[in-house]
Protein chains: 2
Amino acid sequence: MSGSALAQDASADQLRGVAKTIFAPVPTAAEIIKEKGYTPEQIQLGQWLFFEPRLSRSHIISCNTCHSVGTGGADNIPISIGHGWQHGPRNSPTVFNAVFNAAQFWDGRAADLKEQAKGPVQASVEMNNTPDAVETTLRSMPEYVELFGKAFGVESDPVTFDNMARALEAFESTLVTPNARFDQFLAGQPTLDEQELKGLNLFINKGCIACHSGVNVGGQGYFPFGVIKKPGAEILPPNDKGRFTVTNTASDEYVFRAGPLRNIALTAPYFHSGEVWDLEQAVAIMGSSQLGHELDADEVKAITAFLHTLTGEQPQVVYPTLPRSSIDTPKPQQ
Amino acid sequence: MSGSALAQDASADQLRGVAKTIFAPVPTAAEIIKEKGYTPEQIQLGQWLFFEPRLSRSHIISCNTCHSVGTGGADNIPISIGHGWQHGPRNSPTVFNAVFNAAQFWDGRAADLKEQAKGPVQASVEMNNTPDAVETTLRSMPEYVELFGKAFGVESDPVTFDNMARALEAFESTLVTPNARFDQFLAGQPTLDEQELKGLNLFINKGCIACHSGVNVGGQGYFPFGVIKKPGAEILPPNDKGRFTVTNTASDEYVFRAGPLRNIALTAPYFHSGEVWDLEQAVAIMGSSQLGHELDADEVKAITAFLHTLTGEQPQVVYPTLPRSSIDTPKPQQ
């Protein structure tokens, strides 16, 4: 960070120059679609599936239940509630801009959105279903069979659990939030006020950017929660060892993926335990636990003000009219 | 029904003439809005509230959970699942075209959609919330306070439980499904095939129209389930006495509001108990229990074919981006 000293005293223009080396704007859905080569049929199918409660054993839980497009792509409760009102182990991460993360889940155990999509469908505390049951369900509805065929070519048996995940990845990749005030700032516009510029400056110079950079202002690497000082057990429950459960490596105990901070003002409560509701408190905790620095109240307020500028344009999604069940569709089970 | 004998042998045109005296087409949302005088702000507020999980104690259940705009305005499970995975007593009725019903709920205990909207929010087995908690929640979010003010004029305290219900009524009144093939037929188009015309003819002449007529093909009056022959306990559970619990009148035991049949092909399972998944089976049960007539297989198929023509254009609803919680918003409780 050769630019750090400079940025500290920099004018907005100088700060912008530094910021552009650290962050990048969120592309539009159209740009993502073009880059990834998704077809309209794949996206439409993914949109149906994202809102499809029949992917769950009970027929009442869909992807949107815990990753609601109406509330920042998450569910805004500490830990998600799934089948039978069971509580999941961690706070639901936002689906918005998730395509920009290096890996999915708090512990990065899924390489991409396609792999991620298969998890909650099968998790006993979430949708509690099986790939076989999902395929039987989707094959029972002619409209699904037709759209799977269109989405994935002339395959003789297009309705597969794997193709379900491919379609979900296509749709979820369109759930991006471009044109945040911060992105307008990066593009040269005077959209940040003095307090927000101060916050950006602090965010850079206090070292937050060590873990939170790039398009998603995070979501790229794994870091111990409490690299300097471990937070209390209510925020860092001792029985959730994070990435250790993926790698089985001692140094990965209590290691988590750095949270992506886009739209962070919309997705309280915070951290994998979902125990912190106040964004200012979350910033203060990060200061002490990750930076070993007790941020003063003004610094916390300024950084929080900057984080609010990361709220982008929310996706406008038309609720899909889903295919009706046929007499062969498996019945819900509770 | 002086037209019955005529209709039995009638050509499609003659049948149309009879049908127009019994049924009426579903108006468009624009026509409803004009008639009722709802403002854009009232409808927009209602749309937010319809998808608002923070109306529930847990912050995960919204109106749309049990009345999903993606699945015919209902949840398509036997009986709804609410707070704490509790099971409600009855099958969730569709919200689509509910504005045309004479009263709401299976027992008609709410006079209109506004009164209905207050029920599930407070029901312990549904959203399990209180009017006070709802008002505190909505008042904690400036965007809600602003929109309530715009929707309901210059009232000094516009955020009330009653205004919540008024807004929900406004939005729900727009959830109509015009232009079904049957409505096109009523308007003079040759949209019904021979089998469907036969079904319509049977529907009229077997007496189904005694309970199922008007815009909503039902939803107007109260009738004993089993007027001729009571169905078995799995379909008519003995502990649910229907309208008796509203009127406390012995003659109202096992009396329910005649189901509105618009979009009936989309809203299995059927009856207040939600125990019948096959529309043909439901038709056969109605024949024996209400008409005292064992419909033969061809008759059942024809009537079912006619019922499929009642599926209208489904509302296309943009999922609203909801106001974010403030630090004063009450926390979810489980």
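Residues numbered from 1 in each chain as written. Chains lettered and ligands numbered in written order. Predicted model: local features only at pLDDT ≥ 70, side-chain atom pairs only at ≥ 80, totals over all residues. Heavy atoms only, no water.

1. A look at the overall build of chain A
Applicable threshold: Strands are runs of DSSP state E lasting at least two residues, helices are runs of H or I lasting at least four, and both sets are numbered from the N terminus onward. The quantity called the radius of gyration is restricted to C-alpha atoms. Its globule counterpart is 2.2 Å times the number of residues to the power 0.38. We call a residue buried when its accessible area falls under 20% of the maximum for its residue type, exposed when it is over 50%, and partly exposed in between, using a 1.4 Å probe and counting protein chains only. For this analysis, residues touch if any pair of their heavy atoms sits within 4.5 Å. The Shrake-Rupley method, run with a 1.4 Å probe sphere, supplies the accessible areas, and residue values consider only the shown protein chains as cover. When charges are counted, Lys and Arg contribute as positive and Asp and Glu as negative, whereas His and the chain ends are disregarded. By convention, charge coordinates are those of NZ in Lys, CZ in Arg, CG in Asp, or CD in Glu.
When helices and strands are tallied, chain A shows 14 helices and two strands. The globule rule puts the C-alpha radius of gyration for 334 residues at 20 Å, and the 21 Å found for chain A is close to it. Taking the principal axes of its C-alpha atoms as reference, chain A extends roughly 70 × 45 × 30 Å. Counting across all 334 residues of chain A, residues that qualify as buried make up 57%. Considering only intrachain contacts with a sequence separation of at least 6, the fraction spanning at least 24 residues in chain A is 71%. When the accessible surface of chain A is split by element, carbon and sulfur atoms take 52% of a total near 13200 Å². Taken as two groups, the 25 positive and 37 negative side-chain charges of chain A have centres that lie 3 Å from each other.

2. Some remarks on the packing of aromatic side chains
Let me state the cut-off plainly: Aromatic contacts are taken between Phe, Tyr and Trp rings whose centres are within 6.5 Å, Trp giving its six-membered ring; a plane angle under 30 degrees counts as stacked, one over 60 as edge-to-face, and the others as tilted. The criterion for a charge sitting over a ring is simple: Lys NZ or Arg CZ within 6 Å of the ring centre, and within 35 degrees of the ring normal.
Per the stated rule, a full pass over the model turns up 27 aromatic pairs over all chains. Relative to Tyr319 of chain B, the ring of Tyr319 of chain A lies with its centre 5.9 Å away and its plane at 10 degrees, an arrangement referred to as stacked. Within this pair, whereas Tyr319 of chain A is found in the segment after helix 14 (297–308), its partner Tyr319 of chain B is found in the segment after helix 14 (297–308), the two belonging to separate chains. The two residues Tyr319 of chain A and Tyr319 of chain B agree in class, both being buried. The structure contains a cluster of three or more aromatic residues connected by ring pairs, namely Phe50, Phe51, Phe171 and Tyr319 of chain A together with Phe50, Phe51, Phe171 and Tyr319 of chain B. Directly above the aromatic system of Phe185 of chain A lies the positively charged group of Arg16 of chain A, at a separation of 4.5 Å from the ring centroid.

3. Some details on the state of the cysteines
Residues and elements named next belong to chain A. We apply this condition: The criterion for a disulfide is a pair of cysteine sulfur atoms lying within 2.5 Å.
Inspection of every chain in the model, using the stated rule, returns zero disulfides over all chains. In this structure Cys66 is not part of a disulfide, and its nearest cysteine sulfur, from Cys63, lies 9.2 Å away. Assessed through its relative accessible area of 12%, Cys66 is described here as buried. Cysteine Cys208 is unpaired, with the sulfur of Cys211 as its nearest cysteine sulfur at 8.9 Å.

4. Observations concerning the interface of chain B and chain A
The extent of an interface is frequently quoted as the accessible surface area lost upon association of the parts. Inclusion rule: The term buried area means the drop in 1.4 Å probe accessible area that two parts suffer when joined, counted for both and summed. Criterion for a salt bridge: a side-chain nitrogen of Lys or Arg within 4 Å of a carboxyl oxygen of Asp or Glu. The term polar contact refers here to a pair of N or O atoms within 3.5 Å; inside protein, the definition further demands a hydrogen-donor-capable atom paired with an acceptor-capable atom, and it admits residues adjacent in sequence only when both atoms are side-chain atoms. Note on residue categories: nonpolar means Ala, Val, Leu, Ile, Met, Phe, Trp, Tyr, Cys or Pro, charged means Asp, Glu, Lys or Arg, and polar means any other residue, Gly included.
With 38 residues of chain B at the interface, the matching set in chain A holds 38 residues. Taking both partners together, chain B and chain A bury about 3300 Å²; carbon and sulfur atoms supply 67% of that area. In this structure, the connection of chain B to chain A is made through zero salt bridges. For the pair chain B and chain A, the interface holds 12 residue pairs in polar contact (both at pLDDT 80 or more). Residue composition of the side of chain B that touches chain A, by class: 19 nonpolar, 15 polar and four charged.

5. Structural notes on helix 6 (residues 113–122) of chain A
Residues and elements named next belong to chain A. As a reminder, the rule being used: Taking the helix axis as origin, the arc is that swept by the directions to the C-beta atoms.
Every buried residue belonging to helix 6 is among Leu113, Gln116, Ala117, Pro120 and Val121, and all of these are buried. Each buried residue of helix 6 sits inside an arc of 135 degrees when the element is viewed along its axis, so together they form one side. Looking at the packing, one finds that the buried side of helix 6 touches helix 7 (131–139) and helix 9 (161–172).

6. Comments concerning the side chain of Ser173 of chain A
Residue and element names in this part refer to chain A. As for its position among the elements, Ser173 is in the loop between helix 9 and helix 10 (181–186). Its relative accessible area of 1% is what places Ser173 among the buried residues. In this structure the side chain of Ser173 is engaged in a polar contact, spanning 2.6 Å, whose partner is the backbone oxygen of Glu169. Ser173 has contacts with Ile32, Tyr38, Val99 and Leu113, leaving out every residue within four places of it along the chain.

7. Re the UniProt feature "domain: Cytochrome c" (unreviewed entry) in chain A
All names here are of chain A. As a reminder of what qualifies: UniProt positions are given in the numbering used here, feature names are shortened, and annotations may be inferred rather than shown by experiment.
As recorded in UniProt, the sites labelled "domain: Cytochrome c" (unreviewed entry) are residues 41–149 and 194–311. As a span, residues 41–149 carries 38% helix and 0% strand, and end to end its C-alpha atoms are 9 Å apart. End-to-end, the C-alpha atoms of residues 194–311 are 18 Å apart, and along that stretch the chain is 35% helix and 5% strand.

8. Thoughts on the relation of the copies chain B and chain A
Note the cut-off: C-alpha atoms of residues with pLDDT of at least 70 in both copies form the basis for the least-squares superposition of the copies.
For these two chains of identical sequence, chain B goes onto chain A by a turn of 180 degrees and a shift of 0.0 Å along the axis, with RMSD 0.0 Å. Such a combination of rotation and displacement between the chain copies is what one expects of a two-fold axis. Relative to the rotation axis, the C-alpha of Val318 of chain B is the closest in chain B, positioned 2.1 Å from it. Here 100% of the contact residues of chain B are again contact residues in chain A; the copies associate through an equivalent surface.

9. Overview of the side chain of Ser288 of chain A
Residues and elements named next belong to chain A. Topologically, Ser288 is positioned in helix 13 (residues 279–291). Residue classification places Ser288 among the buried positions, given a relative accessible area of 12%. One polar contact links the side chain of Ser288 to the main-chain carbonyl oxygen of Ile285, over a distance of 3.2 Å. When residues no more than four places from it in sequence are discounted, the contact partners of Ser288 are Ile228, Lys229, His293 and Glu294.

10. Some thoughts on the nonpolar core
For clarity, the cut-off: We define the nonpolar core as a collection of buried residues of types Ala, Val, Leu, Ile, Met, Phe, Trp, Tyr and Cys that are connected through side-chain atoms lying within 4.5 Å of one another.
With 78 residues, the main nonpolar core has Leu49 and Met164 of chain A together with Leu49 and Met164 of chain B as its most contacted residues. Sequence-distant contacts of Leu49 of chain B, defined by excluding residues within four places in its chain, comprise Leu55, Cys63, Leu138, Tyr144, Phe148, Met164, Ala167 and Leu168 of chain B.

11. Let's talk about the pattern of salt bridges
All names here are of chain B. For the structure shown, the criterion picks out 30 salt bridges over all chains. Two residues, Arg90 and Asp107, come together in a salt bridge whose shortest N-O distance is 3.0 Å. One end of the pair, Arg90, is in the loop between helix 5 (63–66) and helix 6 (113–122); the other, Asp107, is in the loop between helix 5 and helix 6, with 17 residues separating them in the sequence. Asp107 gets classed as buried once you look at its relative accessible area, which sits at 2%. Measuring nitrogen to oxygen at the nearest pair gives 3.5 Å for the salt bridge that ties Lys241 to Glu253.

12. Structural notes on the environment of Gln184 of chain A
Residues and elements named next belong to chain A. Examined against the element boundaries, Gln184 turns out to sit in helix 10. Taking C-alpha positions, Gln184 is 31 Å from Gln42, a pair spaced 142 residues apart along the chain. Engagement of the side chain of Gln184 in a polar contact is seen with the backbone oxygen of Asn179, the distance being 3.3 Å.

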